[in-house]
Amino acid sequence: MTQSYVAEPYKIKVVEPIAVTTRQQREQYLKEAGYNTFLLRSEHCTIDLLTDSGTTAMSDNQWAGMMLGDEAYAGSRNFTHLQQTVRQYYGFRHVVPTHQGRGAENLLSQLCIEPGDFVPGNMYFTTTRAHQELNGGTFVDIIIDEAHDSQAEHPFKGNVELAKLERLIAEVGAERIAYVCVAVTVNLAGGQPVSMANLRAVKELCGRHGIAVMFDATRCVENAYFIKEREVGFADKSIADILREMMSYADGCTMSGKKDCLVNIGGFLCMNDDELYQRASELVVLYEGMPSYGGLAGRDMEAMARGIVESVDYNYIHHRVSQCRFLADRLTEAGVPIVKPVGGHAVFLDARTFLEHLSQDEYPAQTLAAQLYLEAGVRSMERGIVSAGRNKETGDHHRPKLELVRLTIPRRVYTYAHLEAVAQACSALYRRRQEIRGLKMVYEPKLLRFFTARFEPLG
Ligand code: PM9
């Protein structure tokens, strides 16, 4: 291993055995799961890179905090701790805990979107867009064009294209824009960051038109790391300071704590506006619980408060990105096509290029994810036409340019040796890619179909 990959900044105190299966067993498990990796049982996966969501290994400090859970129905001291921590590190005046990110998306969408409104954003995310549409909104993609090109080496490929936003404002009028949703980082583009300059510019533009800016802060610490690494003037700033400045360009945010807050469950909605907070406090009791627990146990809020502090430690985030780069470098050496530049939570295989003999209607990314499981028991996630779903007006498939398989790295869980094994499996599959046949969808749920759709092999 070269010097460029930093060693794990933690010691392993508890271990969890993982499954070793035969190919014959995996064939059976995959068939039972309808060739959808979401439907596999975890105990049948050797290396589980389905998601970095809620799969984090918590620290001893977080586990200790869980013993200090104050499980009062109202006014738990852990809520007070969470509130103070969010105020300190994110800078927003108000925080409403939710059971996870989509709980916050539900509240925000219901509170701010009127039927017929538009919600511009830097590339869609599955649950985010689903909530916007359920409330009568229309998502409009305003990310820079480079984000849709898997090989474009832009350092801030998650940036908003200001001209696209200005055009939309001119076309529909600022009053029809519910808010601008900026994801930091952009998951489906490959974990691509947004620059501080771009965040500042979006805020300025929206401010001139009286439009609110809401961040999807799910992987905001990874974004802060990339700003430190790539943007002039930030090299000497701490991750915490960069994060605070980022958040100062938003009116609020939704957060899936299951990612950058280093917990297994939890999320929150933030805002500065007192009136919006008042309305959120009224709505949250309907879906999540009291505004002082929002669907979480006191112990979960404590773990999240402690996770927020740990997440801005440079050694933690530096190692996380280093793991992604290690896997990406091993794959690139073997000629396996991946999305560039590499983000901070995953390496994305470019399934269009990997399986160029398959059309998009043969679900190349879904096929590749299934094949990778067969090859070595490695579970990954489709992020292509299946995840994109259907157009709510026409009922046609959305056809994203990116047809990707995400190898998502859970936080503080796997070592470089696991990632080496993943790279070897991908390389072996790549060498015999021509033998791989596509899939057909045999069951399609109406909403967020990728979670539970079922497939069968073609031919
Ligand atoms: N992301 C992921 O694996 C969880 C399952 S896929 C729907 O990447 C963003 C950028 C996310 C995200 C979840 C959510 C929703 C919002 N924004 O899963 O509800 O990546 O906590 O967060 C997943 P929750």
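Residues numbered from 1 in each chain as written. Predicted model: local features only at pLDDT ≥ 70, side-chain atom pairs only at ≥ 80, totals over all residues. Heavy atoms only, no water.

**Thoughts on the site of the ligand**
Part 1 of the reasoning: Taken together, the neighbourhood of the ligand is formed by 20 residues, with Thr51, Asp216, Ser256, Lys259 and Arg406 sitting nearest.
Part 2 of the reasoning: Measuring from an oxygen atom of the ligand, one finds a side-chain N or O atom of threonine 51 at 2.6 Å.
Part 3 of the reasoning: Between an oxygen atom of the ligand and a side-chain N or O atom of serine 256, the distance comes to 2.6 Å.
Part 4 of the reasoning: The protein chains hide 97% of the 530 Å² of surface that the ligand would expose on its own.
Part 5 of the reasoning: Secondary-structure elements contributing two or more residues to the shell around the ligand are α4 (101-112), α5 (126-134) and β11 (381-383).
Part 6 of the reasoning: When residues in the shell around the ligand are grouped by element, the largest group, three residues, is from α4.
Part 7 of the reasoning: Taken together, the residues that form the shell around the ligand break down as three nonpolar, nine polar and eight charged. (Near = heavy atom within 4 Å. Polar contact = N/O pair within 3.5 Å; in protein donor to acceptor, adjacent residues only side chain to side chain. Areas by Shrake-Rupley, 256 points an atom, 1.4 Å probe, with all protein chains shown as cover. Helix = DSSP H or I, 4+ residues; strand = E, 2+ residues; numbered from the N terminus. Nonpolar A, V, L, I, M, F, W, Y, C, P; charged D, E, K, R; others polar.)

**Points about the packing of helix α1 (residues 23-32) against helix α14 (residues 364-376)**
Part 1 of the reasoning: At a closest axis distance of 7 Å, the pairing of α1 and α14 adopts a crossing angle of 150 degrees. In terms of their interaxial angle, α1 and α14 are classed as roughly antiparallel. Of α14, the residues touching α1 (which contributes Arg23, Arg26, Glu27, Tyr29 and Leu30) are Ala370, Tyr373, Leu374, Glu375 and Ala376.
Part 2 of the reasoning: Tallied by class, the residues present in the contact of α1 with α14 amount to six nonpolar, no polar and four charged. (Axes fitted to C-alpha atoms, helices over the stretch in contact; angles between N-to-C directions. Parallel < 35°, antiparallel > 145°, perpendicular 65-115°, else oblique. Contact = heavy atoms within 4.5 Å.)

**Here's the deal with the state of the cysteines**
Part 1 of the reasoning: Per the counting criterion, the structure on display carries zero disulfides.
Part 2 of the reasoning: Counting only cysteine sulfurs, cysteine 181 is the nearest neighbor of cysteine 206, a cysteine outside any disulfide, at a range of 11 Å.
Part 3 of the reasoning: Not engaged in a disulfide, the cysteine cysteine 220 finds its nearest cysteine sulfur in cysteine 261; these two sulfurs lie 6.8 Å apart. (Disulfide = S-S within 2.5 Å.)

**What about the environment of phenylalanine 268?**
Part 1 of the reasoning: Relative to the helices and strands, phenylalanine 268 is located in strand β8 (residues 267-271).
Part 2 of the reasoning: Overall, the relative accessible area of 0% leaves phenylalanine 268 in the buried class.
Part 3 of the reasoning: Taking the C-alpha atoms as reference points, phenylalanine 268 and threonine 98, 170 residues apart in sequence, are found 4.9 Å from one another. (Buried < 20%, exposed > 50% of the residue type's maximum accessible area, 1.4 Å probe, protein only.)

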